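# Remarks on the overall topology
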Amino acid sequence: MAIMNFGGVDENVVTREEFPLEKAREVLKDETIAVIGYGVQGPGQSLNLRDNGFNVIVGQRKDSKTWNKAIADGWVPGETLFEIEEACERATIIQYLLSDAAQIAVWPKVKKHLTSGKALYFSHGFAITYKDRTGIVPPADVDVIMVAPKGSGTSLRRMFLQGRGLNSSYAIFQDATGRAKERVIALGIGVGSGYLFETTFKREVYSDLTGERGTLMGAIQGIFAAQYDVLRANGHTPSEAFNETIEELTQSLMPLIAENGMDWMYANCSTTAQRGALDWWKKFRDASKPVFEELYKEVAKGNEAQRSIDTNSKPDYRKGLEAELKELRDSEMWKAGETVRKLRPENN
């Protein structure tokens, strides 16, 4: 483990140089890893583990869409693909990668197979942090660990195939065997992490729920919509409004920020753009900070977690979700975006 300085603060990180793939394979050479769930994180993590040479199987509900997706990805029924309970029984490490709501529903089936010495792995701190609400309380004689990639399973897999890594956080909630740390680091390397930084289940879920509702998804969509609407109301065409709001940001500026930071991106834009950005960014910070403070308080109180549990557990959840997504998809802004994407050079 290395101590790295982040903006003047020292943090514990693990790199692939100090914990190489060969070491991870050695740590887990006698383990059977069962990836439970084949939705958001399951495919990327299981396929990366398989390609990296680990003994991995998948547990999924038979004859579901995701069961068939797993078969299409090369998992073989009866050999590497099983019903959830059989996969849990066969495993020494259970990667519990179902949705938060599904984890609650399936927990009784999983818990019965958590025998002494096994490890229960999460990629989100939700179930454990809010265990009084989820009812997910692991036995005392198993390791409870987490590797949380900082992106979707699709991104994790895509970057792996490009020879890159997606940064992940890791945490240990319960070390029953004395091997929890080497297990979690080895799994983090195995699923394709670029580097691993230390956290807790509580800190992970607080930051994750805030981020999803904030700059990663909720706030960014709100900002996009506000600027697009103002441009359209002042006579700008859909193409111009979309390009100035989203396309230039995602295709031109964000890569520069990712490569070298915001100050470098500012320094490599026009002086007019620099002046405007420097004059206005604090106004946007001051306007949005109270919303983020309210959001964080709701997360810390457990209200956001309960809202998710209540909504996502409804039998008609998927129907309601599709209606909300359709509203986004059918909006003028994202209809314009569909056309803009088709016009990109790589698509012509």
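Here is what the cut-offs are and how they apply
- Residues numbered from 1 in each chain as written.
- Predicted model: local features only at pLDDT ≥ 70, side-chain atom pairs only at ≥ 80, totals over all residues.
- Heavy atoms only, no water.
- Phe/Tyr/Trp six-rings, centres within 6.5 Å; stacked < 30°, edge-to-face > 60°.
- Buried < 20%, exposed > 50% of the residue type's maximum accessible area, 1.4 Å probe, protein only.
- Helix = DSSP H or I, 4+ residues; strand = E, 2+ residues; numbered from the N terminus.
- UniProt positions renumbered as here; feature names shortened; annotations may be inferred.
- Pairing = 2+ DSSP bridges.
- Contact = heavy atoms within 4.5 Å.
- Axes fitted to C-alpha atoms, helices over the stretch in contact; angles between N-to-C directions.
- Core = buried A, V, L, I, M, F, W, Y, C linked by side-chain atoms within 4.5 Å.
- Parallel < 35°, antiparallel > 145°, perpendicular 65-115°, else oblique.
- Nonpolar A, V, L, I, M, F, W, Y, C, P; charged D, E, K, R; others polar.

Attention shifts here to the packing of aromatic side chains. Two aromatic rings, taken as a pair, are described by how far apart their centres are and by the angle between their planes. In the structure shown here, the tally under the stated rule is ten aromatic pairs. Judged by centre distance (6.2 Å) and plane angle (50°), the rings of Tyr 195 and Phe 197 are tilted. Take Tyr 195: its relative accessible area is 26%, and that puts it in the partly exposed class. Considering the side-chain rings of Tyr 206 and Tyr 296, the 5.8 Å spacing of their centres and the 85° angle between planes classify their relative orientation as edge-to-face. Here the residue Tyr 206 occupies a position in helix H10 (residues 201-213), and Tyr 296 occupies one in helix H14 (residues 271-301), the gap between them amounting to 90 residues.

The next thing to look at is the UniProt feature "domain: KARI N-terminal Rossmann" (unreviewed entry) in the protein. Following the UniProt record, the feature "domain: KARI N-terminal Rossmann" (unreviewed entry) maps to residues 9-199 here. Secondary structure across residues 9-199 comprises 38% helix and 25% strand; the distance between its end C-alpha atoms is 14 Å.

What follows covers the sheet that holds strand S7 (residues 119-122). Pairing in this open sheet of ten strands is mixed, and the strands run S1-S2-S10-S9-S8-S7-S6-S3-S4-S5 from one edge to the other. In this open sheet, the two strands that pair with only one neighbour each are strand S1 (2-6) and strand S5 (81-82). The pairing of S7 with strand S8 (residues 143-149) spans four bridges and is classified as parallel. Considered in S8, the bridge of Phe 122 is made with Met 146. Strands in contact with helix H2 (residues 42-51) are strand S3 (33-36), strand S4 (56-59), strand S6 (93-96), S7 and S8; relative to S4, the strand with the most contacts, it is inclined by about 160°. Of the strands in this sheet, S7, S8, strand S9 (166-174) and strand S10 (193-198) touch H10, which is tilted by about 30° from S8.

Further remarks concern the nonpolar core. Phe 19, Leu 28, Ile 33, Trp 75, Tyr 121 and Ile 185 are the most contacted members of the largest nonpolar core, which has 32 residues in total. Those elements that provide at least two residues to this core are helix H1 (21-27), S3, H2, S4, helix H3 (65-72), S7, S8 and helix H9 (180-190). With six residues, the single largest contributor to this core is H9. Once you skip the residues sitting within four places of it in the chain, Tyr 121 turns out to touch Gln 45, Ile 93, Ile 94, Gln 95, Tyr 96, Leu 97, Ile 145, Val 147, Leu 187 and Val 191.

In the contact formed by helix H11 (residues 218-233) and helix H17 (residues 332-342), the axes pass within 10 Å of each other and the chain directions differ by 90°. The orientation of H11 relative to H17 falls into the category roughly perpendicular. For the pair formed by H11 and H17, the contact residues are Gln 221, Phe 224, Ala 225, Tyr 228 and Arg 232 on the first element and Glu 332, Met 333, Trp 334 and Ala 336 on the second. Class assignment for the residues of the contact of H11 with H17 results in six nonpolar, one polar and two charged.

Now for the UniProt feature "domain: KARI C-terminal knotted" (unreviewed entry) in the protein. Summarizing the sequence annotation, UniProt attributes the feature "domain: KARI C-terminal knotted" (unreviewed entry) to residues 200-347 in the numbering used throughout. Helix makes up 83% of residues 200-347 and strand 0%, and the two end C-alpha atoms of the span are 43 Å apart.

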